[in-house]
Number of protein chains: 4
Amino acid sequence: MIRRRRDIGKNKAALTAKTEIKVRFSEVDSMQIVWHGEYVRYFEDGREAFGLMYPGIGYMDFYANGYTAPIVDLQLQYLRPLTMNETATVEIRYIETEAAKLCFEYEIRRNTDGEIAVRGSSVQVFIDSEGNMCLNNPSFFEEWKRKWLKR
Amino acid sequence: MIRRRRDIGKNKAALTAKTEIKVRFSEVDSMQIVWHGEYVRYFEDGREAFGLMYPGIGYMDFYANGYTAPIVDLQLQYLRPLTMNETATVEIRYIETEAAKLCFEYEIRRNTDGEIAVRGSSVQVFIDSEGNMCLNNPSFFEEWKRKWLKR
Amino acid sequence: MIRRRRDIGKNKAALTAKTEIKVRFSEVDSMQIVWHGEYVRYFEDGREAFGLMYPGIGYMDFYANGYTAPIVDLQLQYLRPLTMNETATVEIRYIETEAAKLCFEYEIRRNTDGEIAVRGSSVQVFIDSEGNMCLNNPSFFEEWKRKWLKR
Amino acid sequence: MIRRRRDIGKNKAALTAKTEIKVRFSEVDSMQIVWHGEYVRYFEDGREAFGLMYPGIGYMDFYANGYTAPIVDLQLQYLRPLTMNETATVEIRYIETEAAKLCFEYEIRRNTDGEIAVRGSSVQVFIDSEGNMCLNNPSFFEEWKRKWLKR
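The model shown is predicted, which means the values in this text are computed figures rather than measured ones.

Caption draft 1: Highlighting the overall build of chain A. When helices and strands are counted, chain A shows 3 helices and 5 strands. Ordered by position from N to C terminus, the α and β elements of chain A give β-α-α-β-β-β-β-α. Computed over C-alpha atoms, the radius of gyration of chain A comes to 16 Å, within 12% of the 15 Å expected from 2.2 N^0.38 for 151 residues, which places it in the range of a compact globule. Each principal axis of the C-alpha distribution contributes one length, and for chain A these read about 45 × 35 × 30 Å. Taking the intrachain contacts of chain A between residues at least 6 apart in sequence as the baseline, contacts between residues at least 24 apart amount to 70%.

Caption draft 2: View of the relation of the copies chain C and chain D. Superposing chain C onto chain D takes a rotation of 180° combined with a translation of 0.0 Å along the rotation axis, leaving an RMSD of 0.0 Å. The transformation just described matches what one would write down for a two-fold rotation axis. Closest to the rotation axis within chain C is the C-alpha of Gln 75 of chain C, separated from it by 2.2 Å. The overlap is high: 100% of the interface residues of chain C also sit at the interface in chain D, so the same surface is used on both sides.

Caption draft 3: Quick peek at the sheet that holds strand β5 (residues 116-125) of chain D. Pairing is antiparallel in the open sheet, where 10 strands are placed in the order β1(C)-β3(C)-β4(C)-β5(C)-β2(C)-β2(D)-β5(D)-β4(D)-β3(D)-β1(D). What marks the edges here is a single partner per strand, and that holds for β1 (16-22) of chain C together with β1 (16-22) of chain D. For this sheet, the mean angle separating the axes of adjacent strands, direction not counted, is 15°. Bridge analysis of strand β2 (residues 71-78) of chain C against strand β5 (residues 116-125) of chain C gives 7 bridges, and the strand direction is antiparallel. The residue bridging Leu 76 of chain C from the neighbouring strand is Gly 120 of chain C, located in β5 of chain C. Each of β1, β2, β3 (87-95), β4 (101-110) and β5 of chain C touches helix α1 (residues 38-53) of chain C; the most contacted strand, β1 of chain C, lies at about 135° to it. In this fold helix α1 (residues 38-53) of chain D packs onto β1, β2 (71-78), β3 (87-95), β4 (101-110) and β5 of chain D, with an angle of close to 135° to the strand it touches most, β1 of chain D.

Caption draft 4: Local environment of the sheet that holds strand β4 (residues 101-110) of chain A. Read from one edge of the open sheet, 10 strands run β1(A)-β3(A)-β4(A)-β5(A)-β2(A)-β2(B)-β5(B)-β4(B)-β3(B)-β1(B), paired in antiparallel fashion. The outermost strands of the open sheet, each flanked by one partner alone, are β1 (16-22) of chain A together with β1 (16-22) of chain B. Put simply, the sheet's adjacent strands are angled 15° from each other on average, direction ignored. Across 7 bridges, β1 of chain A lies against strand β3 (residues 87-95) of chain A in antiparallel orientation. Looking across to β3 of chain A, one finds that Ile 21 of chain A is bridged to Ala 88 of chain A. Helix-sheet contacts for helix α1 (residues 38-53) of chain A involve β1, β2 (71-78), β3, β4 and β5 (116-125) of chain A, and the interaxial angle to β1 of chain A is about 135°. Against the sheet, helix α1 (residues 38-53) of chain B makes contact with β1, β2 (71-78), β3 (87-95), β4 (101-110) and β5 (116-125) of chain B, and its axis sits at roughly 135° relative to β1 of chain B, the strand it touches most.

Caption draft 5: Representation of the interface of chain C and chain D. With 21 residues of chain C at the contact, the number on the chain D side is 21 residues. At the level of secondary structure, the elements contributing two or more residues to the side of chain C that touches chain D comprise α1, β2 and β5 of chain C. Among the elements that take part in the side of chain C that touches chain D, β2 of chain C stands out by supplying 8 residues, more than any other. Where β2 of chain C lies against β2 of chain D, 5 bridges are found, and the strand directions are antiparallel. Within β2 of chain D, the residue paired with Asp 73 of chain C across the bridge is Gln 77 of chain D.

Caption draft 6: Region of interest: unusual backbone geometry. Unusually for a residue other than glycine, Gln 32 of chain C sits at a positive phi of about 70°. Look at Gln 32 of chain C and you get exposed, because 12 C-beta atoms sit within 10 Å.

Caption draft 7: Fine view of the environment of Val 123 of chain C. Residue placement: Val 123 of chain C occurs in strand β5. Residue class for Val 123 of chain C comes out buried when judged on the 20 C-beta atoms lying within 10 Å of it.

Caption draft 8: Quick look at the confidence of the model for chain A. Residues and elements named next belong to chain A. Mean pLDDT over chain A: 90, with 91% of residues reaching 70 or higher. Under a pLDDT of 50 for its full length, residues 1-10 has, in the predicted model, 13 contacts with residues more than four places off or in other chains. Across the interfaces of the predicted complex, the ipTM metric reaches 0.89, alongside a pTM of 0.89.

Caption draft 9: Quick peek at the environment of Gly 58 of chain C. Topologically, Gly 58 of chain C is positioned in the loop between α1 and α2 (59-64). Taking the number of C-beta atoms within 10 Å as the measure of exposure, Gly 58 of chain C has 19 and is therefore partly exposed.

Caption draft 10: Region of the structure containing α1 of chain C. With 16 residues, α1 of chain C extends 23 Å between its outermost C-alpha atoms, agreeing within 8% with the 22 Å of an ideal straight helix rising 1.5 Å per residue. Those residues of α1 of chain C lying buried are Glu 38, Tyr 39, Val 40, Tyr 42, Phe 43, Glu 44, Asp 45, Gly 46, Arg 47, Glu 48 and Phe 50 of chain C. For α1 of chain C, the elements touching its buried residues are β1, β2, β3, β4 and β5 of chain C together with α1 of chain D.

Rules of the game
Residues numbered from 1 in each chain as written. Chains lettered and ligands numbered in written order. Predicted model: local features only at pLDDT ≥ 70, side-chain atom pairs only at ≥ 80, totals over all residues. Helix = DSSP H or I, 4+ residues; strand = E, 2+ residues; numbered from the N terminus. Rg over C-alpha atoms; globule rule 2.2 N^0.38 Å. Contact = placed C-beta atoms within 7 Å. Least-squares fit on C-alpha atoms with pLDDT ≥ 70 in both. Pairing = 2+ DSSP bridges. Axes fitted to C-alpha atoms, helices over the stretch in contact; angles between N-to-C directions. Buried ≥ 20, exposed ≤ 12 C-beta atoms within 10 Å, placed from the backbone. pLDDT = per-residue confidence, 0-100. Expected span 1.5 Å × (residues − 1).

Below is the structure:
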């Protein structure tokens, strides 16, 4: 059931962003580790940081252009726990695809030892203002690609 | 990136449980649909219902036997949104494996039209009281298997 | 800092509703008790149950009438903890006021021993479609009062 | 129902700490504002920042000394909304009391205009390792007071 995943570090040219998170008391479960669902928020923090670094594909940009970009696939692999008061770094990487999708991969590393706590991926599609899924990329996303995906 | 997934309905003999959820106001995001991270809780509701139907592998049973069973893999596919005030049914299915793992698949169906909103899977491993991952199933889990997995 | 609070049981004629909640694994913190912030959701479950019993003042009714009703005051007193797997009953009571406000009081009782775990109160105001706070009750709320607040 | 509250700025000698928060997508509700329950986490961020600035009364210190300090009273007043992508500053202030309690007041100000979004207060008590509430301050808390509460 565990999907083999190409190492996130391989594609040197890819767009990446990093952000730091700190474990909150409310995020730790009764096993004294971060509850597995909280990492979905950490991934979101990663997308937020990515949007700041490569402007044009944040939630607000989607809205402004009449689109939403809901997540249709989310995968998480938990390798090591994060515990109370720990800090970690979320690294997010844009994965280019021909399809009308927005794909990211994630690695969350513990700041103490640099080890990967969690890695994962997300896929978003584009929904237009009439609620239909776009079969081709919206023009604002094509423009974003032209701007940021240099060969 | 999307993993092909055997239809959850195929294996007739499998152990399944169902529970109903109702969308809360706090679970809906600014797109007026359930925030994608909330489904992780719905999956947990499914495991809870499963534990009640086939006693012996709930969180408390793990504790009582000196183990924890953290999630190491979680996958979600979002097919249709759930919206405010909607009810849905979480169906969880036990997936038998030779490995020392506890595997489930999930389907969340909207009660209005019976369509699948989200499906997914989870994998748990067993950690003993010294913090080591078990390479073989703990005996209480083997007993649970003998009891519930009839041929 | 602790406000004396008239006993919720005193006003016999008041409108009340009850709903049952079950503690989720994800709601329990590292002290093995429900994290104090989760009770805000339980209160919301109470308001939801109240809206079903006395229709006309649910979130959807506000929207349909062009209003929102954000919470402006929230108070919680924690008397006894709820723990893993416990069930409890949320009782919500409508508190009549002359002001253009919607006021509730809450009691969450443990089902095991009937003791109060948490009690509290909330105050909501009405915001019209132009974003202004209403100084008088919206007409749909006045109608609701006429219907349900019998002398 | 709304308690009059001495201005948080009055007591010049009081211990305070500040931390900045950024609204996450997942924290915004269908009214496009931060869901009222999320502020409980922001208050927690405030306590965390306070613990870093005046070490000795963080969650870990309680544990290390054999105590927990659950919240027994929580009050929030919502004055103005926070919206998507907004940043705000949580200011927390220690409130000295004779009782065996740990009391804080909070103000969350929007960074855009400096206006108060939410203010509130929390009260914690001390529970010893046998589960009893302390009628007198634990010695480690008395020491903390002697260290930080200079006249």
